Amino acid sequence: MTEEQTQQKTALEPLIFERSKSGRRGYQLPDLEVPEQDLDAILPAGLRRSEIQDEVEVSEVDVIRHFTRLSKLNVSIDAGLYPLGSCTMKHNPRINEEIARTPGFAQSHPLQAEHQVQGNLELLWTLEQTLKEIFGLPRVTLQPVAGAHGELTGILMVHKALSKSGNARKYILIPDSAHGTNPASAAFAGYEIRELKSNSRGTVDLSTLEAAVTEDVAALMITVPNTLGVFESEIKAMADILHAKGAYLYCDGANLNSFVGIARPGDMGIDVIHSNLHKTFSTPHGGGGPGAGPVGVSESLIPYLPTPTVEKREDGTFYLDYSHPDSIGRMRAFNGNFNVLVRALTYMRSMGPTGLRRIAQMAVLNANYIRARLKKHYHLPYDAPSLHEVVFSDKLQTPKDVHTLDIAKRLMDFGFHPPTIYFPLIVSGALMIEPTESEPKEELDAFCDAMIAIAHESQERPELVRSAPHTTPVRRLDEARAARQPVLRWKP
Amino acid sequence: MTEEQTQQKTALEPLIFERSKSGRRGYQLPDLEVPEQDLDAILPAGLRRSEIQDEVEVSEVDVIRHFTRLSKLNVSIDAGLYPLGSCTMKHNPRINEEIARTPGFAQSHPLQAEHQVQGNLELLWTLEQTLKEIFGLPRVTLQPVAGAHGELTGILMVHKALSKSGNARKYILIPDSAHGTNPASAAFAGYEIRELKSNSRGTVDLSTLEAAVTEDVAALMITVPNTLGVFESEIKAMADILHAKGAYLYCDGANLNSFVGIARPGDMGIDVIHSNLHKTFSTPHGGGGPGAGPVGVSESLIPYLPTPTVEKREDGTFYLDYSHPDSIGRMRAFNGNFNVLVRALTYMRSMGPTGLRRIAQMAVLNANYIRARLKKHYHLPYDAPSLHEVVFSDKLQTPKDVHTLDIAKRLMDFGFHPPTIYFPLIVSGALMIEPTESEPKEELDAFCDAMIAIAHESQERPELVRSAPHTTPVRRLDEARAARQPVLRWKP
Amino acid sequence: MTLPDPTDPKSSHRYIPNAGEDIREMLDVIGVDSIDRLFETIPDDVKLRELLDLPGPWSEVESRRWFRGLAARNKTGADHVSFLGGGAYAHYQPAVIDQMLLRSEFLTAYTPYQPEVSQGTLQSIFEYQTHQCLLTGLDVANASLYDGSTALCEAVLLAERLVKGKHKIVLAKSIHPHYLQTVRTYIQNLGIEIVEVGWGADGRIDLGALRAATDGAFGVAVQSPNFLGVVEDYEAVAQATEGLTRISVIAEATSLGILTPPGQHGFDICVGEGQAWGIPPQFGGPYVGFMVVREALKRHMPGRLVGETVDVDGRRAYVLTLATREQHIRRGKATSNICTNEALIALAANMYLSLMGKEGLREVATQCLQKTAYLRNKLRGIASLELPFDGPVYNELVVRTPFPAETILADLEEQKILGGIPLGPFHDGHENDFLVAVTELHTKENLDQYAAALSAAISRERR
Amino acid sequence: MTLPDPTDPKSSHRYIPNAGEDIREMLDVIGVDSIDRLFETIPDDVKLRELLDLPGPWSEVESRRWFRGLAARNKTGADHVSFLGGGAYAHYQPAVIDQMLLRSEFLTAYTPYQPEVSQGTLQSIFEYQTHQCLLTGLDVANASLYDGSTALCEAVLLAERLVKGKHKIVLAKSIHPHYLQTVRTYIQNLGIEIVEVGWGADGRIDLGALRAATDGAFGVAVQSPNFLGVVEDYEAVAQATEGLTRISVIAEATSLGILTPPGQHGFDICVGEGQAWGIPPQFGGPYVGFMVVREALKRHMPGRLVGETVDVDGRRAYVLTLATREQHIRRGKATSNICTNEALIALAANMYLSLMGKEGLREVATQCLQKTAYLRNKLRGIASLELPFDGPVYNELVVRTPFPAETILADLEEQKILGGIPLGPFHDGHENDFLVAVTELHTKENLDQYAAALSAAISRERR
Ligand SMILES: Cc1ncc(COP(=O)(O)O)c(C=O)c1O
Ligand SMILES: Cc1ncc(COP(=O)(O)O)c(C=O)c1O
């Protein structure tokens, strides 16, 4: 740091608790109006707490300053490329935010009578129709609120369906390239996991699958295209193998962005798929959520859908249908993340059929452009054609003791959020880059230029890369300390 | 700049025109629906333009990125102290923004029939009542959209009133400490300016005034408290002197923040006053506007108010009254900056009578706290007690060739927006500091610490101060070049 | 009523951080024992002994209740189909804009006096100035003026300063009546004479009368489309006003997307109202006035100008410039008294113009033109309805029925239609006329229903 | 229908910057001649030969029309006075929050995997975790879970993992019925047995039955205030459940402002729904689930945890930590499968808790308590109306009339009152009962009118 800067007001912000001062206030409530009764008469003293010790006392000014300053410590998609592979960080249109805030949606209560919320029910019904068309599947549940929640929902349905036919079976097959939620969800649904080895293309060989599908296997959970961005070209044959053994094909639809409007899961023989609406359908990530993870199912799984379903009557009115005796049950209180669903449907309508197809086309074009520009500079562990994302490794840099983590951190100095790193696990030192369709060529070029510059630096000035980042609000953190001596809350 | 940083993506943003690329689009309109007619049949070719040459072609993503990045080059009150003297940069509450966006306000049209806009008219009427109470004056016009616009309105009324009584007179008296809009407005109202010299307290001596008020003088325009923050304690005597000669007392109310709820202009003998609602009443400055500059008048000026006025009928309905034959006329199309007025009234209600008074108390406390902390380190050219702002000079720093401009720029390196500089003109090298009531003590302390550090630097390392700022997105600009070879638009 | 003690915790207010403890610490440093002591320079006899007699403090809950209650008493384009124009138009408002305007960095910054920490605002103004130039065909635009009416005032004053010894301005009578009224207010003490020139049967300015009026005048101003909705013939106006400083007035800014730019036809100054660029009608303000002039006039420009320059490292940057024109330097001799202007609205307009871009601006204008033409045709078929002016229109037209405008409009209001603006209050002899505006937001169904409702209203009156 | 050519300018979309020119340049670099070539790994026989059969693309104008049309068909708290609760409450929503949530830096960031460029999100979570601890009297809170119901599921699973060989969980029947249903779904294949314990005449859990049920159980969960609105006696519950892992469920988070914190009464885990902290009801989501546990359980916690650490310069900073609990490391053996959670809603809650602060949280709770007590008293005076449970309540109570709940509520709806939630669908034998919620937003007038309307409705039915 230079002398000029040592004087600068520290960029980092105290905790809101450290801003607290007795007597400050950040709120005003309306007048009580009703005659005040003696508290003891309403609520026995033993049930009441004393003051909320150590809670803050700050003004509205303190709060707005605090969160404005905190916000400035974040990077975001609105400010630039955020190429986290598998996360589909695309443009989040503002109209979606506006529509979701319509008072008739925002102030509607989840337990209102059906006749009072016909608008909401029609919206949910319409979204289901839209997802049915996108999936090519006959029904979709909107209850799950995230991808992992959708996975659990889907596998619970598989379990129930198999149980109904006499044997729930024991195993879910999951390729070694899969996301961690897949095995975790399968386990929570009551299954054990059998991992499938990927072949040299990063995909699953039919022979491997064939060998693995025993009578004890309930389903294959597979990501299409997989986490390398490579499409499982033999997906229909896979479905046939599974179906022949009475097993199901579950598709992790996190990567739907690469083929929406180009091909449909239902046409591939897929029985269950979730879609992360916060990825393909652009509902904002919000620093880690909320999301939504609707699940589409083939005919045979319809009886097991969560209840209630949204149905349309002859007379054009809508209702919630609880009469599904074989349903797995309710996945969450109320009606899913309704106001995430509102955003997603707005987005689907803004795109229309032409726009939805263009998403996939341009997302794949952008990723392949990055791949073409960087493949001379970074090792491509799997060179099969990839769709919407590309996975490099740090193999060319490790001889200089520069690792994926260093490259990621150094990218920050160039003003970019790093890609996903060290995932998928089948690539050692993975750099998983997903630009999405909403990046202009200039931004891709600037990113590639930065990556190439870092490749050069790694050879010529590796210590510069190893000690990155240099220009961020904080520099590299002691993550081990955080885990070893966890400090998980402020204390006075 | 260090090596680590030379690699950083340039912080500055190209012009939106430089982002343009043929074929990109940022909009979609609803379908035309009506049968398309041959353009020549509707609008002769000679009246039509060819394409708008060089206009941009960018996507929504490009636009949101561009303006997000531009925004990051600004500092703002939400992020920290912005102590521009005379500007009253206070907290801008978010509820005001919300209320102003209520569709019934935002979508109401200025030429609707009165019965359709009773809500708006009641709001305007209520705001007038509120300002009447704050001013202690019997009527207020809400038409002016800024302080300067209010000044013009006020002086035009004075002119008209004097004309009616036979002689519009020739001069407006203005102290040398006044804001530039005062003489400019007076000139536009048809007057010549006579400048009054301030005394050693920075205020106007009664004797000076007495001597200046000839039969040709129409009014004194005076800022209370003045631009040094010093209250004209003899304001009532001044009014008497003027009134005795048939002249008027105009008060520039830009500094109302220092005495709102403590004292009322009407009680001081003031005949006309404008209030910058974007200062005292917290409507956001928006990078230079919009504002509102309502003008309150004493009884004798009521006939000359701009038309229309908003009036209440016996039956509780409201109407626009155009029947003021002596009115100076209309100051602007439609009804003033209505949606700024909405924000201001919201603020007044949020404050209530106790809060309004507390504004002045705490604004004055904050300014005097800064004064007390800095007076050992900076020269105080006028040491009369000041209210909501304090004006220092660079006298203690100039021996080291460090000037006000340098101090201002160096403050940026400490994370603060500088004070107003080189104003008022009666102070050579003025540093005019107005913290407002919405600054917490910690922020004032950090600011004072920075000012003191700079005072030390000015002695010990003056070149560091002279070459500031060092940490801003751009450093000191060549302002002379901008004026000498003006480039006032992008060209391809 | 006793005055509250500022150090009492009950006196704390959410917008004012410092409270009891802070106050005592600060008074200590200052060296006085109470806040009252800081107010001793205000004479006791003008000090209030009581609180102001006003409602509040209200919580946000109470404010929402009261203000929303008022808003609910308006009948507006939010719950009616509106055909109101006359200088304030309901165009498509892109969702991006309003949310970006809420960004603290734009909303809560001051005028960019300190360029090193205000490049966001400055660059945006520079871009906005560029858009104005491209759209009007003129050379230099300013950062903003209060609105269209005051922009016209500034233009008249500018034009007068250019010519020594002439004090007559020719104004088309078909300029927005509020603009004309405002000009009269502004010039009342400045010795400027106004000559108004009326219109012909087509609704355009009467060229013969115009030519006659130019004698001894320093300037002329016409509006196009004018207040009757009719598009003026700039070439003809220019020919009739040789030697005068020509001012073009634009009250419907989207028209610049298809109408020939004034700068191409001998106009020296173009002023106007930018509200149509996606700003909500909001009962008349805040809007944004603009002014664009020929290169030669740039040092006469009122208001702020942003220029390009470089910083000490040679990096391109933007700054307020040519400040010697302005009140804070030139004081009584400034080109204008304007200080606070309409920066945030100009920012909104810049975003609008950038989003719409070359194609979008043209398409908005084309839709307005086409939809208006469609409605005009429909209206032609209605018995007892007359379209008194047959000149070309952009998106507004005057409708005449045998009945008072207010009567017909009241009938339309029952159908939830805000049907137009009566002309009677503005121009004598036009009591049965009203002005109807169409934009890209109207659907074919809206237009068909309007024609049907209007026809029905006339029939009802005939009975 | 033929598929559109992506390089055609008509194919451009406002959300997808690259267009014709860009596409050609990029294909060149890649070395293929069309975008289709990039999709060759997708077999032709699964490729669509047509566009999807869906409406659009719509402009924002068309979207506004359609979606607002739907919203307008709802009858909600926006245009009625609502007394609906049951796990979703209409509390005061400070204006600051929603506008701050729109800041790009919060709205459009991902999970803070890269701490150097995500300190804003991380620090806010750390603060949020702290608020949870202060409010519940427990030690370690996570960053968020999906909602209250799934938080309870996670708590049950956590508790089960703690104890080897026991698979029975005791659940109060007065827990929110949706929560109970969700738990049943979650555990259906995990060999966990649920025993439900009902309530007594006061609406509180039946302590005798509770004690009896504990045998062989690993844990117990009670909700307070429970679904009948009644505040449980934590001490009594704790005494009756010695040796079990105790879970407290909070469906009305503002109640923590005045009710005794579960951590003080032997509870090991507190889970709940944070919606009441100023989040709009929005038809049930997104909301925010929370979980706070005793120190000893922290490595069993599901979901994200943020911890404090330092950077290489020794500067304090925050980071996601204890990740070995999570799915991306532990995969099939993780403490939960959760990944995406409800970060933005947790941020909103953090802002709410900070704005309200120590005093505000208490005042909200006190107002709820007082206003509910006022209404309870009023209702007691209504003939034929019964308040079946006499335990202490916070801001909700069950009302019983001699008529089906739906009948009475339909009558209230005519008065623009959303009068309550029928209990019948959740609990047999309660067809005439409904649940009424009161918050600080209700005016005295609202409460008086409610009582009057209810009384009138009963009278009307009696006739
Ligand atoms: C491939 C894959 N599967 C599943 C998930 C889990 O989805 P969610 O985070 O929505 O629960 C993710 C999310 O990162 C993912 O990338
Ligand atoms: C003392 C004083 N007078 C007048 C004005 C002009 O007010 P406005 O900018 O609102 O036109 C200002 C604004 O800076 C001022 O500080």
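Structural data are supplied above this passage.
Below, the structure is looked at part by part. Small disclaimer: the values here were computed from a predicted structure and weren't measured.

1. Remarks on the sheet that holds strand E6 (residues 272–274) of chain B
Residue and element names in this part refer to chain B.
Thinking step 1. Strand order across the open sheet formed by seven strands is E1-E7-E6-E5-E4-E2-E3, with mixed pairing between neighbours. Two strands lie at the open edges of the sheet, namely strand E1 (139–141) and strand E3 (192–196), each paired on one side alone. Strand-to-strand twist in this sheet, taken as the mean axis angle between neighbours without regard to direction, amounts to 25°.
Thinking step 2. As paired strands, E6 and strand E7 (residues 295–297) are joined by three bridges and run antiparallel to one another. In the sheet register, Val272 faces E7, and the bridge partner there is Val297.

2. Regarding the site of ligand 2
Thinking step 1. Taken together, 15 residues form the shell around ligand 2, and within it Ser86(B), Gly147(B), Asp252(B), Lys279(B) and Thr340(C) come nearest.
Thinking step 2. With respect to ligand 2, the backbone of Ala148(B) contributes an N or O atom lying 2.8 Å from an oxygen atom.
Thinking step 3. Asn276(B) is positioned such that a nitrogen or oxygen atom in its side chain is 2.9 Å from an oxygen atom of ligand 2.
Thinking step 4. Taking 390 Å² as the accessible area of ligand 2 by itself, protein coverage stands at 99%.
Thinking step 5. The class makeup of the residues in the shell around ligand 2 is five nonpolar, seven polar and three charged.

3. A few points about the interface of chain A and chain D
Thinking step 1. Of the residues lining the interface, 208 residues belong to chain A; the matching set on chain D comes to 195 residues.
Thinking step 2. At the boundary of chain A with chain D, total buried surface from both sides reaches about 17,800 Å², with 63% on carbon and sulfur atoms.
Thinking step 3. If you sort the residues of chain A by the area they bury against chain D, Arg49(A), Phe188(A) and Leu488(A) come out on top, with a joint share of 5%.
Thinking step 4. Across the contact surface, chain A and chain D share 11 salt bridges.
Thinking step 5. Taken together, chain A and chain D are joined by 98 residue pairs in polar contact (both at pLDDT 80 or more).
Thinking step 6. Of all the elements, helix H11 (residues 338–374) of chain A adds the most residues to the side of chain A that touches chain D, at 28 residues.
Thinking step 7. Here the side of chain A that touches chain D is composed, by residue class, of 102 nonpolar, 60 polar and 46 charged.

4. Focus on the nonpolar core
Soluble globular proteins tend to bury their nonpolar side chains together.
Thinking step 1. One finds Leu152(C), Ile247(C), Trp277(C), Leu379(C), Tyr450(C) and Leu454(C) to be the most contacted residues of the largest nonpolar core, which totals 203 residues.
Thinking step 2. Here this core takes 20 residues from helix H11 (residues 343–380) of chain C, the largest share from any one element.
Thinking step 3. Membership of the second largest hydrophobic core comes to 201 residues, among which are Met221(A), Phe267(D), Ala317(D) and Ala451(D).

5. Re the site of ligand 1
Thinking step 1. Lining the immediate environment of ligand 1, one finds 15 residues, of which Ser86(A), Gly147(A), Asp252(A), Lys279(A) and Thr340(D) sit closest.
Thinking step 2. Chains contributing residues near ligand 1 are chains A and D.
Thinking step 3. The contact in question runs from an oxygen atom of ligand 1 to an N or O atom on the side chain of His179(A), over 3.4 Å.
Thinking step 4. One of the side-chain N or O atoms of Thr340(D) is found 2.6 Å from an oxygen atom in ligand 1.
Thinking step 5. Here ligand 1 has 390 Å² of accessible area as a free molecule, and 99% of this is covered by the chains.
Thinking step 6. A total of three residues in the shell around ligand 1 trace back to one element, the largest contributor, which is helix H7 (residues 147–164) of chain A.

6. Quick word on the pattern of salt bridges
Thinking step 1. Within the structure shown, the criterion is met by 112 salt bridges over all chains.
Thinking step 2. Here Glu18(A) makes a salt bridge to Arg316(D), at a shortest N to O gap of 2.7 Å. Residue Glu18(A) is found in the loop between helix H1 (3–6) and helix H2 (39–42), and its partner Arg316(D) is found in strand E10 (residues 316–320); the two belong to separate chains.
Thinking step 3. Since its relative accessible area comes to 30%, Arg316(D) is described here as partly exposed.
Thinking step 4. Among the salt bridges present, the one from Glu98(A) reaches Arg64(D), with a minimum N-O distance of 2.6 Å. Within this pair, whereas Glu98(A) is found in helix H4 (residues 94–100), its partner Arg64(D) is found in helix H2 (residues 60–73), the two belonging to separate chains.

7. As for the relation of the copies chain A and chain B
Thinking step 1. Rotating chain A by 180° and translating it 0.0 Å along the rotation axis places it on chain B, where the RMSD comes to 0.0 Å. Look at the turn and shift together and you get a two-fold axis relating the two.
Thinking step 2. Most of the interface of chain A is mirrored in chain B, where 100% of its interface residues again form contacts.

8. Notes on the pairing of strand E6 (residues 245–250) of chain C
Residues and elements named next belong to chain C.
Thinking step 1. The buried fraction of E6 is high, at six of six residues.
Thinking step 2. Alternating positions in E6 separate into two faces, Thr245, Ile247 and Val249 on one and Arg246, Ser248 and Ile250 on the other, with burial throughout.
Thinking step 3. By the bridge criterion, five bridges tie strand E5 (residues 217–223) to E6 in an arrangement that is parallel. Counterpart to Gly219 in the pairing with E6 is Thr245.
Thinking step 4. Handedness of the crossover joining E5 and E6 through helix H9 (residues 234–240) is recorded here as right-handed.
Thinking step 5. One ladder, built from four bridges, connects E6 with strand E7 (residues 269–273); its direction is parallel.

9. A few points about unusual backbone geometry
Thinking step 1. Put simply, Val224(B) and Pro225(B) share a cis peptide bond, and its omega is -15°.
Thinking step 2. Structurally, Pro225(B) is set in the loop between strand E4 (217–223) and helix H10 (235–244).
Thinking step 3. For the bond from Gly56(D) to Pro57(D), the omega torsion is -5°, close enough to zero to count as cis.
Thinking step 4. The topology assignment puts Pro57(D) in the loop between helix H1 (20–30) and H2.
Thinking step 5. Even without being glycine, Tyr422(B) reaches a positive phi, approximately 60°.

10. Regarding the interface of chain A and chain B
Thinking step 1. Taken together, the 45 residues of chain A in the interface contact 45 residues of chain B.
Thinking step 2. Here chain A packs against chain B, burying approximately 3,700 Å² in sum over the two surfaces, 45% of which is carbon and sulfur.
Thinking step 3. Our count for the chain A to chain B interface comes out at eight salt bridges.
Thinking step 4. Those elements that provide at least two residues to the side of chain A that touches chain B are H1, helix H3 (60–71), helix H12 (404–413) and helix H13 (441–460) of chain A.
Thinking step 5. Sort the elements by how many residues they give to the side of chain A that touches chain B and H3(A) lands first, with seven residues.
Thinking step 6. Of the residues that constitute the side of chain A that touches chain B, the class distribution is 10 nonpolar, 14 polar and 21 charged.

Conventions used here
- Residues numbered from 1 in each chain as written.
- Chains lettered and ligands numbered in written order.
- Predicted model: local features only at pLDDT ≥ 70, side-chain atom pairs only at ≥ 80, totals over all residues.
- Heavy atoms only, no water.
- Pairing = 2+ DSSP bridges.
- Helix = DSSP H or I, 4+ residues; strand = E, 2+ residues; numbered from the N terminus.
- Axes fitted to C-alpha atoms, helices over the stretch in contact; angles between N-to-C directions.
- Near = heavy atom within 4 Å.
- Polar contact = N/O pair within 3.5 Å; in protein donor to acceptor, adjacent residues only side chain to side chain.
- Areas by Shrake-Rupley, 256 points an atom, 1.4 Å probe, with all protein chains shown as cover.
- Nonpolar A, V, L, I, M, F, W, Y, C, P; charged D, E, K, R; others polar.
- Contact = heavy atoms within 4.5 Å.
- Buried area = accessible area lost by both parts, 1.4 Å probe.
- Salt bridge = Lys/Arg side-chain N within 4 Å of Asp/Glu carboxyl O.
- Core = buried A, V, L, I, M, F, W, Y, C linked by side-chain atoms within 4.5 Å.
- Buried < 20%, exposed > 50% of the residue type's maximum accessible area, 1.4 Å probe, protein only.
- Least-squares fit on C-alpha atoms with pLDDT ≥ 70 in both.
- Right-handed = clockwise from strand over helix to strand, strands pointing away.

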